[in-house]
Amino acid sequence: MGRRHGESSVNRLLQWQDLIRQDESITDRQKLEKVNSFFNELIEFVDDVAIYGVKDYWATPIEFLARGAGDCEDFAIAKFFTLKTMGVEEAKLNIAYVKALRYNIHHMVLTYYPEPGVEPLVLDNLVDHINPAGKRPDLLPIFSFNGTGLWLAKERGRGKSAGSSSRLKAWSGLLHRMAEDGL
């Protein structure tokens with residue numbers, strides 16, 4: 001890893017490993033804060049074209065950390081898998097595809113539902129503070145997904161079921177690459 005991506009890539013991966021292994025958080029909220037800060041402070045936002053030479057590439061957490069750079073979906077994906085590994089229930093986590101109205105761009109964030117049907121919290125690489133979705137009028141939900149489902153946004157909640165997340169080719173490709181890496 002060090003020869004391929006530089007010694008800083010090894011350091012980032014070791015920091016990530018320490019974040020997970022040494023976590024003593026009691027609440028999910030504490031885990032959310034640690035993970036959101038970890039990635040937002042450590043990783044640089046860089047467009048996929050500059051990194052991979054393609055318009056859209058969903059990096060695995062290891063690819064993302066190795067490069068030390070990625071775009072919004074890479075942040076959301078890394079936060080999702082890190083929180084799952086730290087014991088946050090997958091049913092509480094969704095990766096949400098939104099329109100970031102302030103920037104007039106499509107964007108991805110991670111959402112956390114403390115209880116079913118409640119307003120989610122939003123973890124975003126553009127905003128360091130974790131806020132309830134209602135305090136983020138700058139985000140217009142389009143769809144969300146996790147490892148088990150895909151939902152079309154009707155409101156700021158989970159929305160209407162649209163089947164399995166396996167319908168998303170980029171997600172399926174990501175999971176396949178992670179399996180090949182033994183994750």
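The coordinates are above.
From a predicted model like this one, the values you see are computed outputs, not experimental measurements.

J.: I keep staring at unusual backbone geometry and nothing clicks. Help me out?
T.: One can expect most non-glycine residues to show negative phi and most peptide bonds to be in trans. Even without a glycine there, the phi angle at N104 is positive, about 55°. Looking at the element boundaries, N104 is found in the loop between β3 (93-100) and β4 (105-112).

J.: Hey, could you run me through the nonpolar core in this one?
T.: Within soluble globular proteins, side chains that are nonpolar generally end up buried alongside one another. Of all hydrophobic cores here, the largest spans 37 residues; its most connected members are F39, L83, I95, F145 and W171. Sort the elements by how many residues they give to this core and helix α6 (residues 72-85) lands first, with eight residues. Core analysis: the second largest hydrophobic core is formed by seven residues, A100, V109, V122 and A133 among them.

J.: Explain the packing of aromatic side chains here, please?
T.: Any two aromatic rings considered together are summarised by their centre-to-centre distance and by the angle between their planes. Evaluated as defined, the whole model comprises eleven aromatic pairs. With a centroid separation of 5.8 Å and an interplanar angle of 10°, the aromatic rings of F81 and W171 are classed as stacked. With a gap of 90 residues between them, F81 in helix α6 and W171 in helix α7 (residues 169-180) connect regions that are remote in the sequence. Following the ring pairs from residue to residue traces out a cluster consisting of W58, F80, F81, Y97, F143, F145 and W171.

J.: What am I meant to see in a nonpolar patch on the surface here?
T.: Together, Y103, I105 and L126 make up a nonpolar patch on the protein surface, roughly 260 Å² of accessible area in all. Along the chain, L126 turns up in the loop between β5 (121-123) and β6 (131-132).

J.: I keep staring at the environment of K135 and nothing clicks. Help me out?
T.: Looking at the secondary structure, you find K135 in the loop between β6 and β7 (139-145). The exposure class assigned to K135 is exposed, which follows from its relative accessible area of 62%. Placed 13 residues apart in sequence, K135 and V122 show a C-alpha to C-alpha distance of 9.3 Å.

Each value, and the rule that gives it
- Residues numbered from 1 in each chain as written.
- Predicted model: local features only at pLDDT ≥ 70, side-chain atom pairs only at ≥ 80, totals over all residues.
- Heavy atoms only, no water.
- Helix = DSSP H or I, 4+ residues; strand = E, 2+ residues; numbered from the N terminus.
- Core = buried A, V, L, I, M, F, W, Y, C linked by side-chain atoms within 4.5 Å.
- Buried < 20%, exposed > 50% of the residue type's maximum accessible area, 1.4 Å probe, protein only.
- Phe/Tyr/Trp six-rings, centres within 6.5 Å; stacked < 30°, edge-to-face > 60°.
- Patch = residues over 30% accessible without salt bridge, like charges linked within 9 Å, V, L, I, M, F, W, Y side chains within 5 Å.
- Areas by Shrake-Rupley, 256 points an atom, 1.4 Å probe, with all protein chains shown as cover.
- Salt bridge = Lys/Arg side-chain N within 4 Å of Asp/Glu carboxyl O.

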